[in-house]
Amino acid sequence: MTENRAILIAGAAHIALFAGLSLSWSLMSKDIAPIVEPIPVEFVDISDVPTVQEKPKPSIEAAPRETVEETQPEVVEPDPATEPTPPPVEVAPREAPPPPKPKSPPKKPDPKPVEKPKPKRDLSNLIDKSLQDAPRKTRPSDFAKSIEQAIPEGARLDARTMATLAQAIRDRIYRCWDPGAGGPDARSIKTLLRVRVQRDGTIIGRPEVLSQSGIGAGNAAYGRVARDAAIRAVMNPACSLAGLPPELYDGWKDFELNFDPSETL
Amino acid sequence: MKSLISALSALLIAIVAMPAAAQLRVDINAGISKPMPIAVPAFTTPALATTAAGDTAALGRQVAEVVSNDLASSGLFKPINPSAFTTNVAYADVLAPRFPSWRTVAAQALVTGFVQVNGDGSITVGCYLYDVFSEQILAREGFSTQPAFWRRAAHKCADAVYSRLTGESGYFDSRIVYVSETGSQTKRIKRLAIMDQDGANHRFLTNGQNLVLTPRFSPSQQTIAYMSFAQNRPRVYIYNIGTGQQTLVGNLPNMSFAPRFSPDGRFLVFSMAQGGNTDIYRMSVSGGAPQRLTSAPGIDTAPSYSPDGTKIVFESDRGGTQQVYVMNADGSDQRRISFGSGRYATPVWSPRGDLIAFTRMGGGGFRIGVMRADGSGERLLTDSWGDEGPTWSPNGRVVMFFRGQRGGRAALWSVDLTGVNERRVPTPLDGSDPAWSPLLP
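Treat the numbers as computed from the prediction; the structure is a model and nothing was measured.

**Student:** A description of the overall build of chain B should follow, citing residues and the corresponding values.
**Tutor:** Scanning chain B for helices and strands turns up 4 helices and 32 strands. Dimensions of chain B along its principal axes, counting C-alpha atoms only, are 85 × 85 × 40 Å. Counting the 441 residues in chain B, one finds 53% classified as buried. For chain B, the proportion of contacts with a sequence separation of at least 24, taken over those separated by at least 6, is 43%.

Laid out in structure tokens, this is it:
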């Protein structure tokens, strides 16, 4: 018994010694070959972009318009021929070589209700909480309800009613406004939007940016981000204005939203 | 009193009787910050083709995965699980996404793209960013590289998305050099290692024969300054990444350590012990005599330049305990900027210039903190037992450091400037002393 044990221990010790020597040999003996340096990644033109060099980004309005059609001979545009199913109408196949065709966003000819997201009912709902967060059916908070109930029927649009209405709208929108994680430079930027709404709460078109203040040479990139974040808050179906008092529609059919992040972070 | 009441009454009547304002104006002064839901479906390909790194369809999936992981790692985005997607993205959808289906999965932003092989064997990765609610394109970038470097194209795409949606510059296409550690506490083997910021493409630079410490990138990223105990003499060396060559810096007579490059890459600052005193010196990378910048009794070490090269922050125990000091780049106007309880070490100036990260020791632990360059606004980012050695991401939004454990183990971690989103940085072995590179070219 003890002899076997001694043999086992001796065997294990030999194996350990051999492994240790092998490891130290591999660590100590050979020089490490110099690593291959990455080849720089070059910026190249794609699709209808006149240039993708790092330069001031085009504004949203400027980005996808048709101004670059004739300036861009090389196109990397999706080839409808490779698409097994008929492509959507907006990307109707063109004869090759098609000029770069910037896709302007589909315009909404008539204001239609924003499509209600349909929560998926499968296991992925359990995995991805965002599915539960954003597309839920819009429901005004109790606070908003209490405000709206406080508005007397047939109320005239006096200052008090307007203030109450403003609070109701504020209570809807702020939940979808992410002021961002930018530093002090971003906090000084205020964005004023004009919003037009249908009776059912649907936003008509896109909110119009009336003005932005607090933008200087050092924080221009934040200005664009602030504008996008404000528009996103208004357009988010999770923060729809549906359910505001219809009898006061004149008061909220066309209003201004002033996003001020100075006290948010 | 009567007049006050009547004045208030008049004011109230005036308010109530005021005709309706021409237009309702609503002030939004509060919001909710949370990671933005973003969809990053697999990048498509105009024509399936084989490359040395796999076919373009597989590359498309991998590129999307890298982009998604980069964005998630920032803590500012929440990539939506692809299993929830309700639509397949075909090549035609890259330029004309079906926005309603992305709204269905609650995506606020969408990244699409493609991978194609060019005539010369290189690949082009196209990267498009859309706002799902307003159905607007926000950014588009194209990147051409050899297939083997597809990860860099993916990181550049993620940088473009991050930059457009946050207003900050990106940091994903960057690398980390650090000290890889293995072995028992008494026989620790320490090797220089380099990897992408997400832990990919890990490579060892030295073979572990000599103990190494404090590697630091040069601005060009072609060289790394570090301290090695080669020949049992701790001295500063420069490692050339391209050739693997290691060069002793100067023929300094004494122990030299804690090197760091100037922002223009022309100078090294480091500490050198001489006559019982340790001071900070500056020396041209091309050689020459070192210039002494400090002379106070005690240990002056861990120098780090401001990004404009005009100032140097360092630690010194000249006042009795380790504290953070700032001086002009020529050594003049040395002044203490840290005044909290405990001790401060390893200060590092942010690439943005506004903040200095440091290790704060006291209260039974080592923690990472930041303060403004004048010493004000100090706050701690971590709360652990052994956090040390901060290094900044190229955009100054993230701090990486190493977290020691009782027993000698150590690992790399990163934390957002807001003190949230603490993440372990994957390394094959233990890791310490990380240094973040600037953005790759």
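**Student:** How would you sum up the overall build of chain A? Please name residues and give values.
**Tutor:** If you tally the helices and strands in chain A, you get 8 helices and 4 strands. Each helix and strand of chain A, ordered N terminal to C terminal, gives the series α-β-α-α-α-α-α-β-β-α-α-β. Residue burial in chain A is summarised as follows: out of 265 residues, 30% are buried. Of the contacts made within chain A by residues no fewer than 6 positions apart, 70% connect residues no fewer than 24 positions apart.

**Student:** Account for the sheet that holds strand E16 (residues 256-261) of chain B, naming residues and giving values.
**Tutor:** Residue and element names in this part refer to chain B. Read from one edge of the open sheet, 4 strands run E16-E17-E18-E19, paired in antiparallel fashion. In the strand order of this sheet, the two ends are held by E16 and strand E19 (291-292), each with one partner. Bridge count between strand E17 (residues 267-274) and strand E18 (residues 277-284): 8 bridges; the pairing is antiparallel. When the sheet's bridge partners are listed, leucine 268 is paired in E18 with methionine 283.

**Student:** Outline the domain arrangement of chain B, supporting the account with residue identities and numerical values.
**Tutor:** All names here are of chain B. One can read the domain layout of chain B as domain 1 (36-166) and domain 2 (175-436). Relative placement of domain 1 and domain 2: their C-alpha centres are 36 Å apart. Contact with domain 1, which involves 5 residues of that partner, is made by 7 residues of domain 2. When residues of the side of domain 1 that touches domain 2 are assigned to their parent elements, the largest contribution, 3 residues, is made by helix H2 (residues 56-73). Its residues assigned to classes, the side of domain 1 that touches domain 2 comprises no nonpolar, 3 polar and 2 charged.

**Student:** Break down helix H7 (residues 220-235) of chain A for me, with residues and values.
**Tutor:** With 16 residues, H7(A) should reach 22 Å at 1.5 Å per residue; the first-to-last C-alpha distance of 23 Å fits that figure. Among the 16 residues of H7(A), 14 are classified as buried, and the element is accordingly described as predominantly covered.

**Student:** If you had to explain the UniProt feature "domain: TolB N-terminal" (unreviewed entry) in chain B to someone new, which residues and values would you point to?
**Tutor:** Within the UniProt annotation, "domain: TolB N-terminal" (unreviewed entry) is assigned to residues 24-137 of chain B. Secondary structure across residues 24-137 of chain B comprises 21% helix and 32% strand; the distance between its end C-alpha atoms is 31 Å.

**Student:** Help me get a handle on the environment of A:Ala230, residues and values and all.
**Tutor:** All names here are of chain A. Here alanine 230 lies in helix H7. A residue is classified by how many C-beta atoms lie within 10 Å of it, and alanine 230, with 29 of them, is buried. Note: C-alpha distance between alanine 230 and alanine 168 (62 residues apart in sequence) is 17 Å. Excluding anything up to four places from it in sequence, alanine 230 contacts Trp177, Thr191, Leu193 and Phe259.

**Student:** How would you explain the nonpolar core if you had to name every residue and give the values?
**Tutor:** Grouped together as the largest cluster of nonpolar side chains are 161 residues, with contacts concentrated most on B:Val63, B:Val67 and B:Val161. Residue contributions to this core peak at 10 residues, all from H7(A). Of the domains in this structure, domain 1 (36-166) and domain 2 (175-436) of chain B are the two that each give at least three residues to this core. Sequence-distant contacts of B:Val63, that is, excluding residues within four places in its chain, are made with B:Phe43, B:Gly113, B:Val115, B:Val125, B:Trp150, B:Ala153 and B:Ala154.

**Student:** Would you mind going over the packing of H2(B) against helix H4 (residues 150-166) of chain B in detail, with residue names and values included?
**Tutor:** All names here are of chain B. Between H2 and H4, whose axes approach to 8 Å, the crossing angle comes to 45 degrees. As summarised for this structure, H2 and H4 are arranged oblique, according to the angle between their axes. The way H2 lies across H4 gives a crossing that is right-handed. Within the contact between the two elements, H2 uses Leu59, Val63, Val66, Val67, Asp70 and Leu71 and H4 uses Trp150, Arg151, Ala153, Ala154, His155, Cys157, Ala158, Val161 and Tyr162. Counted by class, the contact of H2 with H4 contains 12 nonpolar, 1 polar and 2 charged residues.

**Student:** Now, about the sheet that holds strand E1 (residues 24-28) of chain B: what can you tell me, with residues and values included?
**Tutor:** Spatially, 4 strands are ordered E3(A)-E2(A)-E4(A)-E1(B) in an open sheet, and the strand pairing comes out mixed. The sheet is open, and its two borders are formed by strand E3 (208-213) of chain A together with E1 of chain B, each paired with just one other strand. The average undirected angle you get between the axes of adjacent strands in this sheet is 20 degrees. Both strand E2 (residues 190-196) of chain A and E3(A) contribute to a ladder of 5 bridges, which runs antiparallel. Along E3(A), the bridge assignment pairs A:Leu192 with A:Ser211. Most of the contacts of helix H5 (residues 159-173) of chain A go to E1(B), to which it runs at about 40 degrees, and overall it touches strand E4 (254-259) of chain A together with E1 of chain B. Strands E2, E3 and E4 of chain A of the sheet are contacted by H7(A), whose axis makes an angle of about 35 degrees with E2(A).

The rules behind these values
- Residues numbered from 1 in each chain as written.
- Chains lettered and ligands numbered in written order.
- Predicted model: local features only at pLDDT ≥ 70, side-chain atom pairs only at ≥ 80, totals over all residues.
- Helix = DSSP H or I, 4+ residues; strand = E, 2+ residues; numbered from the N terminus.
- Buried ≥ 20, exposed ≤ 12 C-beta atoms within 10 Å, placed from the backbone.
- Contact = placed C-beta atoms within 7 Å.
- Pairing = 2+ DSSP bridges.
- Domains from an automatic or database assignment.
- Nonpolar A, V, L, I, M, F, W, Y, C, P; charged D, E, K, R; others polar.
- Expected span 1.5 Å × (residues − 1).
- UniProt positions renumbered as here; feature names shortened; annotations may be inferred.
- Core = buried A, V, L, I, M, F, W, Y, C linked by C-beta atoms within 7 Å.
- Axes fitted to C-alpha atoms, helices over the stretch in contact; angles between N-to-C directions.
- Parallel < 35°, antiparallel > 145°, perpendicular 65-115°, else oblique.
- Left-handed = near helix turned anticlockwise from the far one by under 90°.

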